[in-house]
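# An overview of the molecular structure
Below are the chains, spelled out letter by letter.
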Amino acid sequence: AVWLPVYLVGMGLIVYLSDFGPRAHPWFPLWWDMLAVAVFSLAIFFWAMRVALPTHKIEQLVTRGAASEEPQRSGKPPDRAARRGDVLTRNRPGHLASRAGGAGWGSPERGG
């Protein structure tokens, strides 16, 4: 998101130059600062939409990333954190369940 740093710096400058900044005589008095924020934000919005990736490209990248994160089936038991059933472990059918419930390692439903 190449537009994000520009947006953050621009918003900081608008605040600095408004009534909310440290200046005794702001460039943007009350209500004009809101207009400046609206115009600046719209400009950034249209810029962000113009440089955004197409939907099919995003879906392709997500699919490729999800495929690379698939666990490898080695037949080995999961590591110690996974045996505890931590919330961060996989929670899909056939895998470990989170602490919120379900059949984790060592639970009666899994024969442990």
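Residues numbered from 1 in each chain as written. Predicted model: local features only at pLDDT ≥ 70, side-chain atom pairs only at ≥ 80, totals over all residues. Heavy atoms only, no water.

### Some points on helix α2 (residues 32-51)
Given 3.6 residues per helical turn, the α-helix brings residues three or four places apart onto the same face. Convention followed: We count a stretch as a helix when DSSP gives it H or I for four or more residues in a row; a strand needs E for two or more, and each element gets its number in order from the N terminus. Expected helix span is computed as 1.5 Å times (number of residues minus one). Three labels apply to residues, based on accessible area from a 1.4 Å probe with only protein chains included: buried if under 20% of the type maximum, exposed if over 50%, partly exposed otherwise in between. It is the directions from the helix axis to the C-beta atoms whose arc is reported. Contacts: residue pairs with any heavy atoms within 4.5 Å of one another.
Taking 1.5 Å of rise per residue, the 20 residues of α2 would be expected to cover 28 Å, and the 29 Å separating its terminal C-alpha atoms lies within 8% of that figure. If you check which residues of α2 are buried, you get D33, A36, I44 and A48. One side of α2 holds all its buried residues, which, seen down the axis, span an arc of 95°. Turned more than 90 degrees away from the buried face of α2, the exposed residues are W32, V39, F46, M49 and R50. Those residues of α2 hidden inside the fold are in contact with α1 (3-16).

### A word on helix α3 (residues 55-68)
With 14 residues, α3 extends 20 Å from end C-alpha to end C-alpha; this agrees with the ideal 20 Å at 1.5 Å per step. Here α3 lies mainly on the outside; zero of its 14 residues are buried.

### Observations concerning the side chain of D33
Applicable threshold: We treat Lys and Arg as the positive residues and Asp and Glu as the negative residues; His and chain ends play no part in the count. We define a salt bridge as a side-chain nitrogen of Lys or Arg found within 4 Å of a carboxyl oxygen belonging to Asp or Glu.
Its place among the elements puts D33 in helix α2. Here D33 sits buried without a salt bridge, and the closest side chain of opposite charge, R23, lies 12 Å off (N-O distance). Excluding its chain neighbours within four sequence positions, the residues that come into contact with D33 are I14, S18, F20 and F28.

### Description of the packing of α1 against α2
To keep things clear, this is the line we draw: To get an axis, fit a line to the C-alpha atoms, keeping to the stretch in contact for a helix; angles then go from 0 to 180 degrees between the N-to-C directions. The scheme is simple: roughly parallel for angles under 35 degrees, roughly antiparallel for over 145, roughly perpendicular for 65 to 115, oblique for anything else. In this classification, Asp, Glu, Lys and Arg are treated as charged, Ala, Val, Leu, Ile, Met, Phe, Trp, Tyr, Cys and Pro as nonpolar, and every other residue, Gly included, as polar.
In the contact formed by α1 and α2, the axes pass within 10 Å of each other and the chain directions differ by 175°. Classified by the interaxial angle, the pair formed by α1 and α2 is roughly antiparallel. Here W3, V6, Y7, G10, M11 and I14 of α1 come into contact with α2, specifically with D33, A36, V37, F40, S41, I44, W47, A48 and V51. Looking at the contact of α1 with α2, its residues break down into twelve nonpolar, two polar and one charged.

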